[in-house]
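# Fold and geometry: a report
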Amino acid sequence: MVLLIASCSGGQKKSVQEPEKSFTGASGEVKLMTLDPGHFHAALVQKNMYDQVDPTVYVYAPEGPDVEGHLALIGRYNSREENPTNWIEEVYRGPDFLEKMLKEKPGNLMVTAGNNAKKTEYIYQTVNAGINVLADKPMVIDPAEFPKLEEAFEIAREKGVLLYDIMTERYEITTVLQRELSGLPEVFGELQTGTEENPAITKESVHHFFKYVSGSPLKRPAWYFDTGQQGEGIVDVTTHLVDLIQWEAFPEVVLKKSDVEILSASRWTTELTPEMFKKVTLLDSYPGYLQKDLDGDVLKVYSNGEINYKLKGKHAKVSVIWNFQAPEGAGDTHYSIMRGTLCNLIVQQGKDEDYKPQLYIEAVGEDINAFSGSLYNAIQGLTAKYRGIELEKIGDRKWTLHIPEEYKVGHEAHFSQVTEKYLQFLVDGKLPDWEVPNMIVKYYTTTEGLKAALK
């Protein structure tokens, strides 16, 4: 292939650059760069190997415990007995890590998960350099930064690169089946309009600061408890919840910011004692930037929040709660209800469910016999796609769905599923038409929700 073409004028030679080859799915063609990994989600992208991804990963980060913790987790994946990975981490440590990455560009896909105050700028600079980005949520935590994220999506379009966030909760099987059933008019009818007091669709999430990841206690960085760096709960975890509402209630529909109407929002703190803070950070004292959040020696973190809003006229509510540590045998939990004209579809994960997500179908129509027949026929039809699912009647108007264990892969495995989906998008050369506008609407909802809560 000739790269230099002689110019007809003046006999001078003009350098012509070939357009970059599109991704084909070939082995090793995707080369990862990990930028400033401060959250364990960056490592979870690499919990498994992918044939399409080169095993050498280029890490750019400042000196400090964040990058060392990331490398230690990758090391555990490489050395585990069952299905070990073989990642090779090429690491640059220095204060100019972002500039260094953009100058060297040894890879064609940047992964970022860490300090959320910096993430929007990282994304903006990276897509502007013509590099694909797979970002952990949230992409933005400050309403003032939202226009920059919008611009980053436009730059990505102009540069022909893909900007995408890691929405793991779309792969949780009870949520998947909730979405499937809500798309069957003979079972669900249609989504009710709801009210602010009784929304048509509700998503609630309970998380814990102290938890285990890949079998070991999770050490969180101190900045994780600074909402100026991590973001308030109302713009962090609610990203997943708003995404699921859009994904389930309006599947593959292109949404607009004007489809969103914020009705009310609130925020409140989780309180941590010095002992709790030390247990999760391994630090003996609070750093200076957390002094503003202290009441005596108790740290108050605005990690909890709720947004009531309407999406295309349907009432919706998202809420997130952060506790310090889960009860014995429990973990992070999710609750969801979709209210249809024929039934409610409920995902519950409490003590009665042994803290494991369970899907319930609750009839609300008058003709219970007709509904029962439609429901059994629908489940029978879904068994072609989800083999082994079984319906059990547990009340006069209520059923539960038994789901084989093979579908319950767990939160950590969802990161590989998202990554595999994204790798296919690279081969396709585009995201689905609805993904980018709906990501914009999602972050518009969370940032406008924060603005409302702060009033």
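As the structure is a prediction and not an experimental result, all values here were calculated from the model. (Residues numbered from 1 in each chain as written. Predicted model: local features only at pLDDT ≥ 70, side-chain atom pairs only at ≥ 80, totals over all residues. Heavy atoms only, no water.)

### Quick notes on the nonpolar core
In terms of nonpolar packing, the biggest core is built from 61 residues, with Met139 and Leu163 touching the most fellow members. Apart from the residues lying within four places of it in its own chain, the contact partners of Met139 are Lys119, Thr120, Ile123, Leu149, Phe153, Leu163, Tyr164, Asp165, Met439 and Tyr443. Counting 49 residues, the second largest nonpolar core, distinct from the first, contains Val187, Phe188, Leu244 and Leu382. (Core = buried A, V, L, I, M, F, W, Y, C linked by side-chain atoms within 4.5 Å. Buried < 20%, exposed > 50% of the residue type's maximum accessible area, 1.4 Å probe, protein only. Contact = heavy atoms within 4.5 Å.)

### Concerning the side chain of Ser416
Counting through the fold element by element, Ser416 comes out in helix α12 (residues 411-428). Under the relative-accessibility criterion, Ser416 is labelled buried at 5%. Reaching out from Ser416, the side chain makes a polar contact with the side chain of Tyr50 at a distance of 3.5 Å. Discounting residues that sit within four places of it in the chain, Ser416 has contacts with Leu44, Asn48 and Tyr50. (Helix = DSSP H or I, 4+ residues; strand = E, 2+ residues; numbered from the N terminus. Polar contact = N/O pair within 3.5 Å; in protein donor to acceptor, adjacent residues only side chain to side chain.)

### Describing the pairing of strand β14 (residues 298-311)
Two faces, one strand: in a regular strand the side chains alternate between the faces of the sheet. Examined bridge by bridge, strand β12 (residues 260-272) and β14 share 11 bridges and lie antiparallel to one another. If you follow Ala265 over to β14, its bridge partner there is Ile307. By the bridge criterion, 2 bridges tie strand β13 (residues 294-295) to β14 in an arrangement that is antiparallel. Of the residues in β14, the one forming a bridge with Asp295 is Val298. Joining the antiparallel neighbours β13 and β14 is a turn of 2 residues, in which Gly296 adopts a positive phi near 70°. (Pairing = 2+ DSSP bridges.)

### Some points on the packing of aromatic side chains
For the coordinates displayed, the defined rule picks out 17 aromatic pairs. Each ring, one from Trp223 and one from Tyr224, has its centre 6.4 Å from the other, and the planes form 50°; the classification is tilted. Here Trp223 falls in the buried class, since its relative accessible area comes to 8%. Its relative accessible area of 6% is what places Tyr224 among the buried residues. Seen in terms of ring centroids, Tyr386 and Tyr407 are 6.2 Å apart; in terms of plane orientation they differ by 65°. Their pairing is edge-to-face. Of this pair, Tyr386 sits in the loop between α11 (368-382) and β19 (390-395) while Tyr407 sits in the loop between β20 (398-402) and α12; the two residues are 21 residues apart in sequence, bridging distant segments of the chain. The residues Tyr386 and Tyr407 share a single accessibility class, namely buried. Here the aromatic cluster, defined as three or more aromatic residues joined through ring pairs, consists of Phe209, Trp223, Tyr224, Phe225, Phe277, Tyr286 and Trp322. When the ring centre of Tyr124 is taken as reference, the NZ or CZ atom of Lys148 above it lies at 5.3 Å. Positioned above the aromatic ring of Phe210 is the side chain of Lys279, whose terminal nitrogen or guanidinium carbon lies 4.5 Å from the ring centre. (Phe/Tyr/Trp six-rings, centres within 6.5 Å; stacked < 30°, edge-to-face > 60°. Lys NZ or Arg CZ within 6 Å of the ring centre and 35° of its normal.)

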